Amino acid sequence: ANHNSIESIRKEHLRLSDPANAGTIDPKNMPVFFYMGHSIHGNEPSGANAALLTAYFLAAAQGKKIEEYLRNTIILLDPSFNPDGLQRFSSWVNSRKSNVISTDPADIEHNEAWPGGRTNHYWFDLNRDWLVAQQPESQGRVKKFHAWKPNVLTDHHEMGTNATFFFQPGVPSRVHPLTPLRNQELTRLIGKFHARALDSIGSLYYTQEGYDDFYYGKGSTFPDVQGAIGILFEQASSRGHAQESVNGVLRFPFTIRNQFVTALSTLAAVNAMRVELLTYQRDFFKTAAGQATKDPVKAISFGSNDVARATMLAEVIGRHGVDIQKLNNQTVNGKRYSTVFGVALNQAQYTLIKSMFEKRTQFTDSMFYDISSWTLPLAYGVDYEELRTGISGEKITDFKIPSGKLIGGESRYAYVFEPTGYYVPRAINRLLQHNIRIKVATEPFFNSTGKKFERGSVVVPIAGQEKSEESINYIIQQILQDGIDVYAFNTGLDYQGVSLGSGSFAVIRKPEIALLVGDGVSSNDAGEIWHLLDHRYQIPVTLLPVDAISRGNLSKYNTLIFPAGS
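Calculation criteria
- Residues numbered from 1 in each chain as written.
- Predicted model: local features only at pLDDT ≥ 70, side-chain atom pairs only at ≥ 80, totals over all residues.
- Heavy atoms only, no water.
- Helix = DSSP H or I, 4+ residues; strand = E, 2+ residues; numbered from the N terminus.
- Buried < 20%, exposed > 50% of the residue type's maximum accessible area, 1.4 Å probe, protein only.
- Contact = heavy atoms within 4.5 Å.
- 1 Å grid on protein atoms, 1.4 Å probe; cavity = no way out; pocket = protein on both sides within 12 Å on 5 of 7 lines; lining within 4 Å.
- Points joined across faces, edges and corners; volume = space filled by probe spheres on them.
- Nonpolar A, V, L, I, M, F, W, Y, C, P; charged D, E, K, R; others polar.
- Salt bridge = Lys/Arg side-chain N within 4 Å of Asp/Glu carboxyl O.
- Expected span 1.5 Å × (residues − 1).
- Pairing = 2+ DSSP bridges.
- Core = buried A, V, L, I, M, F, W, Y, C linked by side-chain atoms within 4.5 Å.
- Axes fitted to C-alpha atoms, helices over the stretch in contact; angles between N-to-C directions.
- Parallel < 35°, antiparallel > 145°, perpendicular 65-115°, else oblique.
- Left-handed = near helix turned anticlockwise from the far one by under 90°.

## What to know about the overall build of the protein chain
Logical step 1: Looking only at helices and strands, one finds 16 helices and 25 strands in the protein chain.
Logical step 2: Counting only C-alpha atoms, the protein chain reaches 85 × 65 × 50 Å along its principal axes.
Logical step 3: Counting only residues that meet the buried cut, the protein chain has 53% of its 566 residues in that class.
Logical step 4: Nonlocal contacts in the protein chain, meaning residues at least 24 apart in sequence, comprise 79% of its contacts between residues at least 6 apart.

Now the structure itself:
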């Protein structure tokens, strides 16, 4: 019956998170929304395997209780947040499983090769990516979250083999101050359902130890700043089919059982607490609206002369249902910028906006399991300012980076672009891949209008190229699409700086890049560099195993990148 009217149910539910409508809604007759998420770390597979049992149970179980659950609950079930990592891990353990299972922790089955299955294709930790959502898995997941606004989200993980089972709440002193006290009270009430379920099967567990509930970029905390409850589950890992532990031999089926049981205990809790959870969500956004009205800061502006960088930050914020405006006033902190965006605080996601822009330097508890600071404009290198008045501008929903300008029209002499744009490396690579000779300035120089170009600016001479003038002009048009302004020079004469034919312009070599990967290298760091070069800059890169240094000829590379590691 719910599926027959699922879209109208979804839209009615979204009204709870709209402060303008929330006060008129009585949640007593509404279904509760429950998002079940599994194994965001691919080598923590008990969650994904339990998801299959949960799906089967929800489809096949019969009786009054399950009918009540399905009538009163809208369930979103994601069986594998990280399919790439899960595939790497399952391939490893299944191809190294003995007929007589080895429980020895030293067995190769329990010791994955680099980079392991924890991360996604580009070796990103997806459980740190909910807020900034840089990877496609995260972007799809966040989009789904905001489309449905669940009341509870569960996040099934694994931890060390010698542990037992953890469920939230975490350490009480390590909760983000923007998370309401009521959130933690509801989390404790839900915890009682987990305890009863685990008690009934004799499984050991613990809570309120070890783990934070602070960084809003993790799945179990991301909901807490949006009127929902995030629940982290951590199951001791067999890291394969069976492994010795201080608690006896830990077998994979046992780990799956605990995850399955707590998925069902959450379902029971969500139903028993349905009205409380829906009321909490409604009140969260009503309270946030009141806080926004009282807040002396009415808006935040951020700007940069790098249109790509500013637009990318606007896109990150906009993904979370936050209204963004392109401002008419192009100054931030008294400085003029080519691109300035603004975020009004008086909107539904007030609390989330505060968390993105705050500079928090004092903490109740100085011990952290994880990330403690994430001021997004600082991460993107843009200037930002808190405003005591409202903002005026055009609301934007398309975060495509606007094209740069060709200043001075087509040239028959040379083109120049400055080195400050985020996508300048991609622009340089476009030219080099077409075998166009380009140079970089080692001294300042000026054009005929008197504009100064600093060291690092890139010069594309027309003369002496293998490509025709028309071909070069065509590629210059492509560079504009990266948000980079290109200047046409019709003379090389410069009496203020150095002329374009000066020896102070160095030829840029086409890079032949090897990125070291393998044992001793931080896979997170290597993955970040690989993703940057491959995905964003579209620069070819060889992933070179560390042992190739001792056994191979490296003369074909002019660039070696050593990520962090030992």
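Here the narrative resumes, following the displayed structure.
## Here we look at the layout of surface pockets
Logical step 1: Of the pockets and cavities examined, the largest pocket occupies roughly 770 Å³.
Logical step 2: The wall of the largest pocket is formed by 24 residues, among which Phe124, Asp129, Val132, Gln134 and Glu528 lie closest to the centre.
Logical step 3: Looking at the lining of the largest pocket, the element that brings in the most residues is helix α15 (residues 523-536), giving six residues.
Logical step 4: Approximately 510 Å³ is the volume found for the second largest pocket.
Logical step 5: In terms of lining residues, the second largest pocket is bounded by 21 residues, among which Met312, Glu315, Tyr423, His535 and Arg536 are the most central.
Logical step 6: Where the lining of the second largest pocket is concerned, the elements lending two or more residues are α6 (136-148), α10 (307-318) and α15.
Logical step 7: Residue contributions to the lining of the second largest pocket peak at four residues, all from α10.
Logical step 8: Across the lining of the second largest pocket, the residue classes tally to eight nonpolar, eight polar and five charged.

## Quick notes on the pattern of salt bridges
For side chains bearing opposite charge, pairing can occur when the charged atoms are close.
Logical step 1: Taken as a whole, this structure holds 25 salt bridges when the rule is applied.
Logical step 2: For Arg239, the salt bridge identified is with Glu158, shortest N-O distance 3.3 Å. With Arg239 in the loop between β5 (229-236) and β6 (242-245) and Glu158 in strand β3 (residues 152-159), this residue pair connects regions lying 81 residues apart in the sequence.
Logical step 3: For Arg455, the salt bridge is made with Glu443, and the minimal N-O distance between the two is 3.1 Å. Taken as a pair, Arg455 in the loop between β19 (452-453) and β20 (458-461) and Glu443 in the loop between β17 (439-441) and β18 (445-446) lie far apart in primary sequence, 12 residues in all.
Logical step 4: Taking the relative accessible area as the measure of exposure, Glu443 reaches 33% and is therefore partly exposed.
Logical step 5: One salt-bridge network, in which partners are shared between bridges, spans Glu44, Arg118, Asp125, Arg128 and Asp370.

## Concerning helix α3 (residues 46-60)
Logical step 1: Here α3 spans 21 Å end to end across 15 residues, near enough to the 21 Å set by a 1.5 Å rise per residue.
Logical step 2: Listing the buried residues of α3 in full gives Ser46, Gly47, Ala48, Ala50, Ala51, Thr54 and Leu58.

## Topic: the sheet that holds strand β15 (residues 406-407)
Logical step 1: Spatial ordering of the open sheet is given by β15-β21-β16-β20-β17-β22, a layout of six strands whose pairing is mixed. Single-partner strands in this sheet number two, and they are β15 and β22 (505-507).
Logical step 2: With four bridges connecting them, strand β16 (residues 414-417) and β20 associate as antiparallel partners. Bridging across to β20, Tyr415 finds its partner in Val460.

## Things to note about the nonpolar core
Logical step 1: Phe302, Ile324 and Phe417 are the most contacted members of the largest nonpolar core, which has 72 residues in total.
Logical step 2: If you look at the next biggest cluster of nonpolar residues, it comprises 27 residues, including Tyr69, Leu186, Ala263 and Phe284.

## Considerations on the pairing of β16
Logical step 1: Taking every second residue as pointing to the same face, both faces of β16 are buried, with Ala414 and Val416 on one and Tyr415 and Phe417 on the other.
Logical step 2: Pairing analysis gives three bridges linking β16 to strand β21 (residues 486-489), with the strands arranged antiparallel. Following the sheet pairing, Tyr415 is matched in β21 by Ala488.

## A look at the packing of α3 against helix α8 (residues 252-272)
Logical step 1: Closest axis-to-axis distance for the α3/α8 pair is 8 Å, and the angle between their directions is 50°. The angle between the axes of α3 and α8 places the two elements in the oblique class. Read as a crossing pair, α3 and α8 show a hand that is right-handed. Listed contacts from α8 to Ser46, Gly47, Asn49, Ala50, Leu53, Thr54, Phe57 and Leu58 of α3 are Phe252, Thr255, Ile256, Gln259, Phe260, Ala263, Leu264 and Leu267.
Logical step 2: Within the contact of α3 with α8, the residues separate by chemical class into 10 nonpolar, six polar and no charged.

## Some remarks on the side chain of Thr375
Logical step 1: Relative to the helices and strands, Thr375 resides in the loop between α11 (350-357) and α12 (376-380).
Logical step 2: Residue classification places Thr375 among the buried positions, given a relative accessible area of 7%.
Logical step 3: Aside from chain neighbours lying at most four places away, what touches Thr375 is Met356, Phe357, Glu358, Lys359 and Tyr384.

## Some remarks on the environment of Ala20
Logical step 1: Looking at where Ala20 falls in the secondary structure, it is placed in helix α2 (residues 19-22).
Logical step 2: For Ala20, a relative accessible area of 65% corresponds to the exposed category.
Logical step 3: Along the backbone, Ala20 and Gln347 are 327 residues apart, and their C-alpha atoms lie at a distance of 9.7 Å.

## What about unusual backbone geometry?
Logical step 1: Residues Trp114 and Pro115 are joined by a peptide bond in cis, for which omega reads 5°.
Logical step 2: Inspection of the secondary structure puts Pro115 in the loop between α5 (83-94) and α6.
Logical step 3: The linkage connecting Gln168 with the following residue, Pro169, adopts the cis geometry, with an omega of 25°.
Logical step 4: Following the sequence through the fold, Pro169 ends up in the loop between β4 (165-167) and α7 (181-200).
Logical step 5: For Ser39, which is not glycine, the phi dihedral falls at a positive 55°.
Logical step 6: Relative to the helices and strands, Ser39 is located in the loop between β1 (32-38) and α3.
Logical step 7: Its relative accessible area of 1% is what places Ser39 among the buried residues.
Logical step 8: With a phi close to 60°, Gln208 is a non-glycine residue in the positive phi region.
Logical step 9: With respect to the helices, strands and loops of the structure, Gln208 is situated in the loop between α7 and β5.
Logical step 10: Residue Gln208 is classed as partly exposed on the basis of its relative accessible area, which comes to 33%.

Note that all results are geometric; they support no functional claim without further evidence.
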